[in-house]
There are 2 protein chains.
Amino acid sequence: MITSLANQKVKYVAQLRKKPALRRQEGVFLTEGVKMFLEAPEKMLEEVYVSEDVWKNGGMHSALWEKAYGKLERCGFETVSGEAFAKMSDTQSPQGILCIVRQQTYRLEDMIGKRERPFFLILENLQDPGNLGTILRTGEGAGVSGIIMDSDTVDIYNPKTVRATMGSIYRVPFLYTGHLHGAIRQMQGQGIKVYAAHLEGEQCYDECDYCRPTAFLIGNEGNGLTRETAGLADAYIRIPMAGQLESLNAAVAAALLLYAVEGQRRAALR
Amino acid sequence: MITSLANQKVKYVAQLRKKPALRRQEGVFLTEGVKMFLEAPEKMLEEVYVSEDVWKNGGMHSALWEKAYGKLERCGFETVSGEAFAKMSDTQSPQGILCIVRQQTYRLEDMIGKRERPFFLILENLQDPGNLGTILRTGEGAGVSGIIMDSDTVDIYNPKTVRATMGSIYRVPFLYTGHLHGAIRQMQGQGIKVYAAHLEGEQCYDECDYCRPTAFLIGNEGNGLTRETAGLADAYIRIPMAGQLESLNAAVAAALLLYAVEGQRRAALR
């Protein structure tokens, strides 16, 4: 059992938690909690740490921990003293299990080619970690082909983002690009129609044909899309708003667009 | 100018920030930031505090502060030293203006009677302050008649919730009730059809007629609706999910339901 706060592994995990650059360099990220452990594909799991406190105090008796037992045996794990675990953990009330998980890499070509009618979300300078995680989660639910982000968008491996994905981070393809405009043009070249969610949109978001290959551009929470990026869109769409609102939350706007596609494609099958 | 950390007003605001019971007793809540000040109806404003730091350092030169100037003159305000303001404030980088705002009270009868086809959200044991604020914001955008919450739902005057409403807290009618089941029956008695968002729903959420008076029941983030409350619903509906997701974020689910109503009613006008 690891007990020392000066243990190299404890220090390494604490560093991974704080330093996006180290996560990038090592090609890994952290997940916490038994659900995130259960959902992690085994081939992505690098290290698993279990808190001795939880282990002793019967965490293992909950239904989720029951499920975790076999997987822990298979994958192997190390126990860590409560104090050392707290140093590794991001949460105020740690759930007693923490994993180092290998990052996946996805290619735009693969995402586009994988399905007959691909369907993307393109994010520019999104800043809220919780919003990004929620967007990934909703994207999985709506059956998105992938999420494309510019390099100003918040780190998807931020612990808050990872938590908010509720496991979708293992399953939804995504990529960061320093050349967002190039990626947009590449999609358009493949016949994907690119819509910008924009306050000046003429068409309502639910009046377009999303049965064809589709992508949505969503901008920064406060400032929306840059003019240059919005300028590349094939069409502007807007979400109608009653009252005196200036905008909707970015994850909410994304959800409405994602499920507008889901709804149309489901209706087409009926 | 208020400079002392021991000043009664500074202490009072700090207490209001921390103590839901005190907010309830006094019938007020706090808002921060120039946007929340600008959106506050003047009749609801009780006290306005402006940080001397911001005042001196040209906060007044931003476009929003320019707009705030006239309202500040009209409503009156007190300046507070930076240190004292930090004690009053909830945020790590305070925006330099903080208001004590009078709570509004709404009656269910009024909400139901105000419109021909009322449309409600009913929340049971919602726990995340950000989710609740986002739901209010989205509710305003979709034109909801009101939000009904049981007494286990997180305090709507929680500073995080107030911030996430982006001003909707001033405009969307809401109420807490210790008798959620009575409120549901009262709505049903007035011809409102009550749908439960439920994983076991048979109908998809976008296949019902929301042009008639409508209410949606939404439950706790982790556990959903209690069986008793779900049992009162006229129908169960579900939001389809691809992938391996167990559920959507509560604010996202609420947004999809709210905008399903908005979309149908807008389409009916075309």
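In case you missed it, the structure is sitting above this.
For the structure given in this document, a descriptive report is provided here.

What counts and what doesn't
Residues numbered from 1 in each chain as written. Chains lettered and ligands numbered in written order. Predicted model: local features only at pLDDT ≥ 70, side-chain atom pairs only at ≥ 80, totals over all residues. Heavy atoms only, no water. Pairing = 2+ DSSP bridges. Helix = DSSP H or I, 4+ residues; strand = E, 2+ residues; numbered from the N terminus. Axes fitted to C-alpha atoms, helices over the stretch in contact; angles between N-to-C directions. Contact = heavy atoms within 4.5 Å. Parallel < 35°, antiparallel > 145°, perpendicular 65-115°, else oblique. Nonpolar A, V, L, I, M, F, W, Y, C, P; charged D, E, K, R; others polar. Patch = residues over 30% accessible without salt bridge, like charges linked within 9 Å, V, L, I, M, F, W, Y side chains within 5 Å. Areas by Shrake-Rupley, 256 points an atom, 1.4 Å probe, with all protein chains shown as cover. Salt bridge = Lys/Arg side-chain N within 4 Å of Asp/Glu carboxyl O. Lys, Arg positive; Asp, Glu negative; His and termini not counted. Charge placed at Lys NZ, Arg CZ, Asp CG, Glu CD. Buried < 20%, exposed > 50% of the residue type's maximum accessible area, 1.4 Å probe, protein only. Expected span 1.5 Å × (residues − 1). Polar contact = N/O pair within 3.5 Å; in protein donor to acceptor, adjacent residues only side chain to side chain. Least-squares fit on C-alpha atoms with pLDDT ≥ 70 in both. Buried area = accessible area lost by both parts, 1.4 Å probe. Core = buried A, V, L, I, M, F, W, Y, C linked by side-chain atoms within 4.5 Å.

Attention now moves to the sheet that holds strand 1 (residues 28-32) of chain B. Residue and element names in this part refer to chain B. Across the sheet, four strands lie side by side as 1-4-2-3; this open sheet has mixed pairing. Two strands close off the open sheet at either side, each with one partner strand: strand 1 and strand 3 (78-80). Between one strand and the next, the sheet's axes are offset by a mean angle of 25 degrees, whatever the strand orientation. As defined by bridge partners, strand 2 (residues 45-51) adjoins strand 4 (residues 97-102) across five bridges and the pair is classed as antiparallel. When the bridges of strand 4 are listed, Leu45 appears paired with Val101.

A word on the environment of Val101 of chain A. Residues and elements named next belong to chain A. Mapped onto the elements, Val101 comes out in strand 4 (residues 97-102). Taking the C-alpha atoms as reference points, Val101 and Thr91, separated by 10 residues in sequence, lie 18 Å from one another. Setting aside anything within four residues of it in sequence, one finds Val101 in contact with Gly27, Val28, Phe29, Thr31, Met44, Leu45, Glu46 and Tyr170.

This next bit is on the sheet that holds strand 6 (residues 146-150) of chain B. Residues and elements named next belong to chain B. Judged by pairing direction, the sheet is parallel, and its seven strands sit side by side in the order 7-6-5-10-8-11-9 without closing on themselves. Each of the sheet's edge strands pairs with one partner strand only, and the pair in question is strand 7 (174-177) and strand 9 (203-204). Pairing of strand 9 with strand 11 (residues 235-238) involves two bridges; the strand directions are parallel. Within the sheet, the bridge partner assigned to Cys204 lies in strand 11 and is Arg238. Across the sheet, helix 8 (residues 129-142) touches strand 5 (119-123), strand 6 and strand 7, and the angle it forms with strand 5 is around 170 degrees. Against the sheet, helix 12 (residues 250-269) touches strand 5, strand 8 (193-197), strand 10 (214-218) and strand 11, its axis set at about 170 degrees to strand 10.

Two quantities define a packed helix pair, namely the angle between the axes and the distance from one axis to the other. All names here are of chain A. Put simply, helix 8 (residues 129-142) and helix 12 (residues 250-269) touch, their axes get as near as 9 Å, and they point 10 degrees apart. As far as their axial angle goes, helix 12 and helix 8 are roughly parallel. On helix 12, the residues touching Asn131, Thr134, Ile135, Thr138, Gly139, Gly141 and Ala142 of helix 8 are Ala250, Ala251, Ala254, Ala255, Leu258, Tyr259 and Glu262. Looking at side-chain class alone, the contact of helix 8 with helix 12 contains eight nonpolar, five polar and one charged residues.

All names here are of chain A. Where like charges cluster on the molecular surface, the positive patch consists of Lys11, Lys18, Lys19 and Lys87. Looking at the element boundaries, Lys19 is found in the loop between helix 1 (8-18) and helix 2 (20-26). Here Lys19 falls in the partly exposed class, since its relative accessible area comes to 42%.

Here we come to helix 8 of chain A. All names here are of chain A. For helix 8, built from 14 residues, the straight-helix expectation of 20 Å at 1.5 Å per residue is met to within 8% by its first-to-last C-alpha distance of 20 Å. Judged by how many residues are buried, helix 8 sits mostly within the fold: 13 of 14 residues are covered. Where helix 8 starts, the residue carrying a side-chain oxygen 3.0 Å from the main-chain nitrogen of Gly130 turns out to be Asp128. Within two residues after helix 8, Gly143 carries a phi angle of roughly 80 degrees, on the positive side.

Turning next to the environment of Thr161 of chain B. All names here are of chain B. Within the secondary structure, Thr161 is located in helix 9 (residues 159-165). C-alpha separation for the pair Thr161 and Ala267, spaced 106 residues apart in sequence, amounts to 32 Å. In contact with Thr161, not counting residues within four places along its chain, are Pro129, Leu132, Gly133, Asp155 and Ile156.

Note on the identical chains: chain B maps onto chain A by a rotation of 180 degrees and an axial translation of 0.0 Å, with an RMSD of 0.0 Å. Here the transformation between the copies is reduced to the relation of a two-fold axis. Residue by residue, 100% of the interface of chain B is reproduced at the interface of chain A, so both copies engage with the same surface.

So, about the interface of chain B and chain A. Listed as interface residues are 34 residues of chain B and, on the opposing side, 34 residues of chain A. When chain B packs against chain A, close to 2600 Å² is buried across both sides, 52% of that on carbon and sulfur atoms. When the shortest N-O distance is used, the salt bridge between Arg266 of chain A and Asp206 of chain B registers 2.9 Å. Taken together, the links from chain B to chain A amount to 16 residue pairs in polar contact (both at pLDDT 80 or more). Of all the secondary-structure elements, those providing two or more residues to the side of chain B that touches chain A are helix 3 (34-39), helix 8 and helix 12 of chain B. Among the elements that make up the side of chain B that touches chain A, the one with the highest residue count is helix 12 of chain B (eight residues).

Right, let's get into the pattern of salt bridges. According to the stated counting rule, one finds 28 salt bridges over all chains in the structure shown. A single network of salt bridges, built from pairs that share partners, joins Lys35, Glu39, Glu140 and Arg171 of chain A together with Glu246 of chain B.

Moving on, we come to the nonpolar core. In terms of nonpolar packing, the biggest core is built from 116 residues, with Ile147 and Ile169 of chain A together with Ile147 and Ile169 of chain B touching the most fellow members. Those residues in contact with Ile169 of chain A that sit more than four places away from it in its chain are Phe29, Met36, Leu136, Ile156, Tyr157, Val162 and Phe174 of chain A.

Residues and elements named next belong to chain A. Relative to the assigned elements, Thr153 resides in the loop between strand 6 (146-150) and helix 9 (159-165). Under the relative-accessibility criterion, Thr153 is labelled buried at 5%. Here Asn125 takes part through its backbone nitrogen, which lies 3.1 Å from a polar atom of the side chain of Thr153. In this structure the side chain of Thr153 is engaged in a polar contact, spanning 3.2 Å, whose partner is the backbone nitrogen of Leu126.

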